[in-house]
Amino acid sequence: MGYWLAKFVFLGPLLRLIWRPWTEGRENIPDDRPAIIASNHLSFCDSFFMPIVVRRKVTFLAKAEYFTTAGLKGRISRAFMNMVGMVPIDRDDADAARAALTTGVRVLSEGTLLGIYPEGTRSPDGRLYRGKTGVARLALESGAVVIPCAMVNTEIIQPQGRVIPKLRPRPGVRFGKPLDFSRYEGMAGDRFVERSMTDEIMYELMQLSGQEYVDQYAAKVKKASGQDNAFGARSAAEVRELGDRAPRTRAS
């Protein structure tokens, strides 16, 4: 109930009226079967603008920080996440991550849409980073198709640190053709298969979004660029030089 009230009464109409998000490829989302919407992640507002352009309910696996941030902003974020049924992932706890994946499979088994950010965190600089294989494991364990989703302009209207998004440019959401990985049925847990699947998903995201691809995990790049001053961390320039390999076009 809270989700539909937010989407059609309180929050959704306001977002559509003020920011006027545009969308392409919405017909690629199935009407009545489970699917994983795998999106690039540019801004906090991605989790607001994408669901309002989808007719069906979208449940996200959200990072745990959205539920544990202190202060007024944290309380507002936590209330919203709980209201719409988002599932937190503790990325530092393997057991908690496994529990989140199990919950994701359960959500998909109910015939719903599950949103996930394969990069695992927001892009630090607007580029597309290496995907984590959890999205592949979800697809293999649930049998659901994967819908690539590209968020456009959200890092411009709400860069990290900005609370209220700018009014322009208009945010966009672009959906690609469904990716069917049924050819790998029964191969969940095979790390080579899961890496190939994830690379295929990231390639589709790169094509949809037009982003430059970096073959490094975004979390590591954030540390190297100064958010973590640990001894031996590479500079941002060094990390950029290392990140020039694009993912393969098709898993084999």
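This text gives an overview of the structure that appears in the document. (Residues numbered from 1 in each chain as written. Predicted model: local features only at pLDDT ≥ 70, side-chain atom pairs only at ≥ 80, totals over all residues. Heavy atoms only, no water.)

**Things to note about helix α9 (residues 191–209)**
Under the 1.5 Å per step criterion, the end-to-end length of α9 is 26 Å for 19 residues, consistent within 8% with the ideal 27 Å. Summarising burial for α9: 15 of the 19 residues are buried, a large majority. N-cap assignment for α9: the residue whose side-chain oxygen lies 3.0 Å from the backbone N of F192 is D190. (Helix = DSSP H or I, 4+ residues; strand = E, 2+ residues; numbered from the N terminus. Expected span 1.5 Å × (residues − 1). Buried < 20%, exposed > 50% of the residue type's maximum accessible area, 1.4 Å probe, protein only. Polar contact = N/O pair within 3.5 Å; in protein donor to acceptor, adjacent residues only side chain to side chain.)

**Observations concerning a nonpolar patch on the surface**
On the surface, W4, L5, F8, V9 and F10 cluster together into a nonpolar patch covering about 510 Å² of accessible area. Summarising the element assignment, W4 is placed in helix α1 (residues 2–10). (Patch = residues over 30% accessible without salt bridge, like charges linked within 9 Å, V, L, I, M, F, W, Y side chains within 5 Å. Areas by Shrake-Rupley, 256 points an atom, 1.4 Å probe, with all protein chains shown as cover. Salt bridge = Lys/Arg side-chain N within 4 Å of Asp/Glu carboxyl O.)

**Focus: the pairing of strand β5 (residues 113–116)**
Within a regular strand, side chains alternate between the sheet's two faces. Residue alternation in β5 divides its side chains into two sets, L113 and G115 and L114 and I116, and both sets are buried. By the bridge criterion, four bridges tie strand β2 (residues 35–39) to β5 in an arrangement that is parallel. Across the sheet, I36 pairs through a bridge with L114, a residue of β5. (Pairing = 2+ DSSP bridges.)

**Description of the packing of aromatic side chains**
Inspection of the entire model under this criterion finds three aromatic pairs. Where W19 meets F49, the ring centres are 6.0 Å apart and the plane angle is 70°; that geometry is what we call edge-to-face. Of this pair, W19 sits in helix α2 (residues 12–19) while F49 sits in helix α3 (residues 46–52); the two residues are 30 residues apart in sequence, bridging distant segments of the chain. F49 carries the same exposure label as W19, and that label is buried. (Phe/Tyr/Trp six-rings, centres within 6.5 Å; stacked < 30°, edge-to-face > 60°.)

**Examining helix α7 (residues 134–142)**
Buried within α7 are the following residues: V135, A136, L138, A139 and L140. Two residues or fewer past α7, G143 is found with a positive phi of approximately 75°.

**Looking at the pattern of salt bridges**
Oppositely charged side chains are able to pair whenever their charged atoms sit close together. Under the counting rule described, the total for this entry stands at nine salt bridges. The residue R106 makes a salt bridge to E110 at a minimum N-O spacing of 3.2 Å. Taking the relative accessible area as the measure of exposure, R106 reaches 44% and is therefore partly exposed. The class of E110 is exposed, set by a relative accessible area of 53%. Across the pair R137 and E194 runs a salt bridge, and its minimum N-O distance is 2.5 Å. Residue R137 is located in helix α7, and its partner E194 is located in helix α9; the two are separated by 57 residues in the primary sequence. Judged by its relative accessible area of 22%, R137 is partly exposed. A single network of salt bridges, built from pairs that share partners, joins D125, R127 and E212.

**Focus: the nonpolar core**
Among the nonpolar cores identified, the biggest contains 30 residues, and I37, F49, M50, V54 and F175 are the most heavily contacted of them. Listed by contribution, the elements that provide at least two residues to this core are α2, β2, α3, β3 (58–63), α4 (65–68), α5 (71–83), β7 (145–152) and β8 (172–175). In this view, I37 contacts I29, M50, V58, L113, L114, G115, I116, I147, C149 and F175; residues no more than four positions away in its chain are not counted. Counting 29 residues, the second-largest nonpolar core is a separate cluster that includes V105, V193, M197 and Y203. (Core = buried A, V, L, I, M, F, W, Y, C linked by side-chain atoms within 4.5 Å. Contact = heavy atoms within 4.5 Å.)

**Observations regarding the environment of D190**
Tracing the backbone shows D190 in the loop between β8 and α9. In this structure the side chain of D190 is engaged in a polar contact, spanning 3.0 Å, whose partner is the backbone nitrogen of F192.

**Digging into the environment of N153**
As for its placement among the helices and strands, N153 is situated in the loop between β7 and α8 (154–157). Each C-alpha atom of the pair N153 and L42 lies 8.2 Å from the other, and the pair is 111 residues apart in sequence. Discounting residues that sit within four places of it in the chain, N153 has contacts with P169, R170 and P171.

**A few points about the side chain of T198**
Topologically, T198 is positioned in helix α9. Under the relative-accessibility criterion, T198 is labelled buried at 0%.

**So, the side chain of Q211**
Along the chain, the position of Q211 falls in the loop between α9 and β9 (213–214). Side-chain polar atoms of Q211 contact the side chain of N40, separated by 2.9 Å. Here G126 takes part through its backbone oxygen, which lies 2.9 Å from a polar atom of the side chain of Q211. If sequence neighbours within four positions are ignored, Q211 has contacts with N40, L42, G126, R127, L128 and M206.

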